[in-house]
Amino acid sequence: MAERPEDLNLPNAVITRIIKEALPDGVNVSKEARKAISQAASVFVLYATSCANNFAMKAKRKTLNAGDVMAAMEEMEFERFLQPLREALEAYKKSQKGKKEATEQRRKDKEKKTDPEENDKSREEDDEEEERMEDEQEGENEGEEEEVEN
């Protein structure tokens, strides 16, 4: 762990991008102001992490989770950021789920391509399952016809 907050500075490019997105066009920020904002952001991250860690420790966990961060934000009196944070977290979860599903689909597609013998077996099993379902459906339909005739 770093000994001083100055040891943990966020990348200047990230800070510059955040500043530009937060300010209207045409507003300039001095190098000194960017440095001050960078240090303030680092201190904020350390403080939020420390508060979140306290919640995890109270729950006898070593892993911080989103709930710990939400509780820390509330404790630090940043309630107005909770809703945007929840929305961002939900968007993140959805994107991760989509990535996971895409990865799983690529893995399945790759397995199909790499094992043609297994593909043939799989196709045969699918065909047999389809035939069985059709036979069951025909049997049900015949039973219905008999009921109608009686």
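Residues numbered from 1 in each chain as written. Predicted model: local features only at pLDDT ≥ 70, side-chain atom pairs only at ≥ 80, totals over all residues. Heavy atoms only, no water.

- The protein chain goes by DNA polymerase epsilon subunit 3 in an unreviewed UniProt entry, where it is assigned to Aldrovandia affinis.
- Note on the protein chain: under the UniProt heading Subcellular location (unreviewed entry), the record states "Nucleus". (UniProt positions renumbered as here; feature names shortened; annotations may be inferred.)

1. Observations regarding the packing of helix H3 (residues 66-75) against helix H4 (residues 82-114)
In a packed pair of helices, the relevant descriptors are the angle between the two axes and the axis-to-axis distance.
Here comes step 1: Between H3 and H4, the least distance of the axes is 10 Å, while the angle of their chain directions is 165 degrees. Looking at the two axes, H3 sits roughly antiparallel to H4. The two elements H3 and H4 meet at a crossing, and its hand is right-handed. Listed contacts from H4 to Ala66, Val69, Met70, Met73 and Glu74 of H3 are Leu82, Leu85, Arg86 and Leu89.
Here comes step 2: Split by residue class, the contact of H3 with H4 holds 7 nonpolar, no polar and 2 charged. (Axes fitted to C-alpha atoms, helices over the stretch in contact; angles between N-to-C directions. Helix = DSSP H or I, 4+ residues; strand = E, 2+ residues; numbered from the N terminus. Parallel < 35°, antiparallel > 145°, perpendicular 65-115°, else oblique. Left-handed = near helix turned anticlockwise from the far one by under 90°. Contact = heavy atoms within 4.5 Å. Nonpolar A, V, L, I, M, F, W, Y, C, P; charged D, E, K, R; others polar.)

2. With respect to the packing of helix H1 (residues 12-22) against helix H2 (residues 31-58)
Here comes step 1: One can describe the packing of H1 onto H2 by two numbers: an axis separation of 10 Å at closest approach and a directional angle of 105 degrees. In terms of orientation, H1 and H2 fall into the roughly perpendicular class. Contact residues: Ile15, Thr16 and Ile19 in H1; Arg34, Ile37, Ser38 and Ala41 in H2.
Here comes step 2: Along the lines of polarity and charge, the residues of the contact of H1 with H2 split into 4 nonpolar, 2 polar and 1 charged.

3. Considerations on the packing of aromatic side chains
Here comes step 1: One pass over the full model with this rule turns up 2 aromatic pairs.
Here comes step 2: Their ring planes at 80 degrees and their centres at 5.4 Å tell us that Phe44 and Phe78 sit as a pair that is edge-to-face. On the criterion of sequence distance, the pair formed by Phe44 in helix H2 and Phe78 in the loop between H3 and H4 is long-range, its members being 34 residues apart.
Here comes step 3: Given a relative accessible area of 32%, Phe44 falls into the partly exposed group.
Here comes step 4: A residue is classified by how much of its surface remains accessible, and Phe78, at 28% relative accessible area, is partly exposed. (Phe/Tyr/Trp six-rings, centres within 6.5 Å; stacked < 30°, edge-to-face > 60°. Buried < 20%, exposed > 50% of the residue type's maximum accessible area, 1.4 Å probe, protein only.)

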